[in-house]
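Architecture and fold: a report
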Amino acid sequence: MRLPSAVPRPHAPKDGERSGILRAVPTLSLAPNVSSLVQGSRAVLVVAAASVFASDNFPALLPGAAQTLLLELARELKPGDLGAVGGTLTGLTEPRKVVAGVLPDLFSRHNSPTRAESVRRVVAGADLGSAGKAGIILVLADAGHALAAVNAVGRAFPVYTGKSSPPSTLALQIAIVDLAGQPVAVGPEIEATMQAARTAAGLVDTPPSELNPETFALRAREELQGLPHVRVHEIVGDDLVAERLAGIHAVGRCAVAAPRLLVASYEPPDASGKHIALVGKGITYDTGGLSLKISGAMNTMKGDMGGAAAVLGAFKVLAAHGCRHRLSLVLCMAENAVGPAAFKPDDILRMHSGKTVEINNTDAEGRLVLADGVSYAARVLGAQVIFNAATLTGAQLVSTGLLHAAIISNDEALEQLVIAAGRHSGDLVHPLPFAPEFYKQEFESNVADMCNSVKNRMNAQSACAAQFVYWHIDDQPVQWCHIDLAGPSFPKNRGTGFGVALISEAVRRLG
């Protein structure tokens, strides 16, 4: 896209120009053992299930007086349905304060046995100070819960702030032990997942004037810089049209920062798996276009790139830790702005798939960029498995809520694999129907192959939106899973980094 000469090109803000800070505040890292964590810590939080705290065999984790206070405190707390937290001063030098995070023993079948959300809640509710060193000890009944528990801890500490007060200088360490108090060995990918999810959350929280398609691409390149066997290229502006990526181009063509497709490839020298593509919706701001969002509905639309942030984080974790699969990252980046060059209702786009789309709602833009992205992944890159992640529909929140992403897949085995990956990682998902024969009719057009928005919003709107995306690869021999993470990616005006752990775990599980 060629920008008018009177409009200054955007640039990546330098640190002094940013209104906020995108870095770990506080810092988080894994401690090798409990003793090193406790040494020098002003406060220590111990997280365990109520029955574990009640056990006569609770492991000795803290100095004598602090251990006694911890157990007395924990046994007084009632965890309820989602956990409870409380702290007290010890009168000791180290630690000066002990905090108990008590998890409920019971959980429903659609929750994760890791109880990741309860871990996040008790950690977020603990007062561990704002400076110095503090520690969090996770007492796990199952070593397999480490990924979800560590990621939940990271989720409790957002990394972006635009506040004028000094940022926290707290240095937090995490130790993971079993019921006997012995250290649980974890691979480096667990800490990497936590850090990548925090970065993804920080990107979601970044204001849209700081994170536009150009600066988002720069941030993505920074995240991937130096990774072995990774190459990155971009298709920008009018070059999108030359590559038949009319959906991405149309959505972003009137914004100051040009739309683009960022493609990263990871090719391990000893690849023994499949070619997997991770495709993300990267709408850095969504005004709704000419179908303008009104009555406050535009607020929080900086988070409409949560899917792209999630697949970027997952790709980084997988590429950095020796994934055996060949990976492609496809970030569909655009700002859905309003201006003289904006795409219009009644326009017809010929998409990358070759299918034509009549625009009947410019606010249904995410499916347009994703349709081009998955088609490019299948037809040009030759991916065998495609995961696409997006904050695609508000209807997802109605369907599966704030804590479960919705998934739709053309392959039952892949669907079940992703559900299992969600329970293991703590990034919960729930399947919606895959029924093209029921949903294609919602997109009927008199003048094109399809419209881009449904006729009946009461007919499985989230599943329909996914169907639109799949329609552009339904003639390709691919396994496909769509992840609509609108709720869990940005549940309460803060990014969570949801999807990084889920997608990276799902890819690891693929045969």
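Along each chain, residues carry numbers from 1 onward, in the same order as the chain's sequence is written. With pLDDT at 70 or above as the cut-off, local features in this predicted model cover only qualifying residues; side-chain atom pairs require 80 or more to be listed or tallied, and sums for whole chains, interfaces and linings still use all residues. Working from all heavy atoms in the structure, the side-chain values ignore hydrogens and water.

**As for the overall build of the protein**
Inclusion rule: Only DSSP runs of H or I reaching four residues or more are called helices, and only runs of E reaching two or more are called strands; each is numbered from the N terminus. Put simply, the radius of gyration uses C-alpha atoms, and a globule should come to 2.2 Å times the residue count raised to 0.38. Note on exposure labels: buried denotes an accessible area under 20% of the residue type's maximum, exposed denotes more than 50%, and partly exposed covers the range between, all computed with a 1.4 Å probe on protein chains only.
Summing up its helical and strand segments, the protein has 17 helices and 19 strands in all. A compact globule built from 511 residues should have a C-alpha radius of gyration of about 24 Å, and the protein, at 23 Å, falls within 12% of that. Taken along its principal axes, the extent of the C-alpha atoms in the protein is 75 × 50 × 50 Å. In the protein, which comprises 511 residues, the share counted as buried stands at 58%.

**Examining the sheet that holds strand S5 (residues 97–103)**
Going by this rule: Two strands qualify as a pair provided that DSSP identifies no fewer than 2 bridges between them. Only the stretch in contact is used when a helix axis is fitted, and all axes are lines through C-alpha atoms; the angle between N-to-C directions ranges over 0 to 180 degrees. Contact definition: two residues touch when any of their heavy atoms are within 4.5 Å.
The six strands lie next to each other as S2-S8-S6-S3-S5-S4, forming an open sheet whose pairing is mixed. Each of the sheet's edge strands pairs with one partner strand only, and the pair in question is strand S2 (27–30) and strand S4 (84–89). Each strand axis lies, on average, 20 degrees off the axis of its neighbour in the sheet, ignoring direction. Strand direction decides the pairing type here: strand S3 (residues 43–49) and strand S6 (residues 133–139), joined by five bridges, are parallel. From the neighbouring strand, Val46 faces S6, where its bridge partner is Ile137. Sheet contacts for helix H6 (residues 188–205): S2 and strand S8 (171–177); angle to S2, the most-contacted strand, approximately 165 degrees.

**Some words on the side chain of Ser462**
Mapped onto the secondary structure, Ser462 falls in helix H15 (residues 461–471). Residues in contact with Ser462, not counting those within four places in the same chain, are Thr393, Ala395, Gln396, Ser399, Ile408, Leu432 and Asp484.

**Re the nonpolar core**
Applied cut-off: The criterion is simple. A nonpolar core is a set of buried Ala, Val, Leu, Ile, Met, Phe, Trp, Tyr and Cys residues joined through side-chain atoms within 4.5 Å.
Residues Leu278, Phe315, Phe387 and Val418 are the most contacted members of the largest nonpolar core, which totals 55 residues. It is helix H10 (residues 306–320) that contributes the most residues to this core, ten residues altogether. Those residues in contact with Leu278 that sit more than four places away from it in its chain are Val311, Ala314, Phe315, Leu318, Ser328, Leu329, Val330, Phe387, Ile503 and Val507. The next biggest cluster of nonpolar side chains, apart from the first, holds 51 residues, and it includes Ala277, Phe443, Ala466 and Phe468.

**Some details on the confidence of the model for the protein**
Here is the rule: For every residue, the predictor reports its confidence as pLDDT, a number between 0 and 100.
Looking at the protein as a whole, its pLDDT mean stands at 94, while 95% of the residues score no less than 70. A low-confidence stretch, residues 1–10 stays under pLDDT 50, and its non-local contacts, those more than four residues away or across chains, total 20 contacts.

**Description of helix H3 (residues 64–76)**
Note: α-helices contain 3.6 residues per turn, so residues at a spacing of three or four share the same orientation. Formally: A helix is expected to span 1.5 Å multiplied by its residue count minus one.
The end-to-end C-alpha separation of H3 is 19 Å, in line with the 18 Å expected for 13 residues at 1.5 Å each. Those residues of H3 that are buried are in contact with S3, helix H2 (50–54), S4 and S5.

**Here's the deal with the pattern of salt bridges**
Note the following rule: Each reported salt bridge corresponds to a side-chain nitrogen of Lys or Arg within 4 Å of a carboxyl oxygen of Asp or Glu.
Under the defined criterion, the tally for this structure stands at 23 salt bridges. With a closest N to O distance of 3.6 Å, Arg326 and Glu267 form a salt bridge. Note that Arg326 is positioned in strand S12 (residues 326–336) and Glu267 in the loop between strand S10 (260–266) and strand S11 (275–286), a separation of 59 residues in sequence. The salt bridge partner of Arg508 is Glu505, with a shortest N-O separation of 3.2 Å. Separated by three residues within a single helix, Arg508 and Glu505 lie in helix H17 (residues 500–509), roughly one turn from each other. One network of salt bridges, in which partners are shared, links Arg219, Glu222, Glu223 and Lys316.

**Looking at a nonpolar patch on the surface**
What counts here: Only residues whose relative accessible area exceeds 30% and that form no salt bridge enter a patch; like-charged residues are grouped when within 9 Å of one another, and nonpolar side chains (Val, Leu, Ile, Met, Phe, Trp, Tyr) when within 5 Å. Only the protein chains shown count as cover for residues, and all accessible areas are computed by the Shrake-Rupley method using a 1.4 Å probe.
Together, Leu290, Leu292, Ile294 and Val338 give the surface a local cluster of nonpolar side chains, amounting to about 370 Å² of exposed area. Checked against the element boundaries, Ile294 lands in the loop between S11 and H10. Of the residues examined, Ile294 reaches a relative accessible area of 58% and is grouped as exposed.

**Considerations on the packing of aromatic side chains**
As a reminder of what qualifies: When the centres of two rings from Phe, Tyr and Trp lie within 6.5 Å, Trp using its six-membered ring, the rings pair. Their planes under 30 degrees apart give stacked, over 60 give edge-to-face, and anything left gives tilted.
Scanning all chains against the criterion turns up six aromatic pairs. Aromatic side chains Phe53 and Phe58 sit 5.1 Å apart centroid to centroid with 20 degrees between the ring planes, which places their arrangement in the stacked category. Overall, the relative accessible area of 1% leaves Phe53 in the buried class. Three or more aromatic residues joined by ring pairs form one cluster here, namely Phe434, Tyr470 and Trp480.

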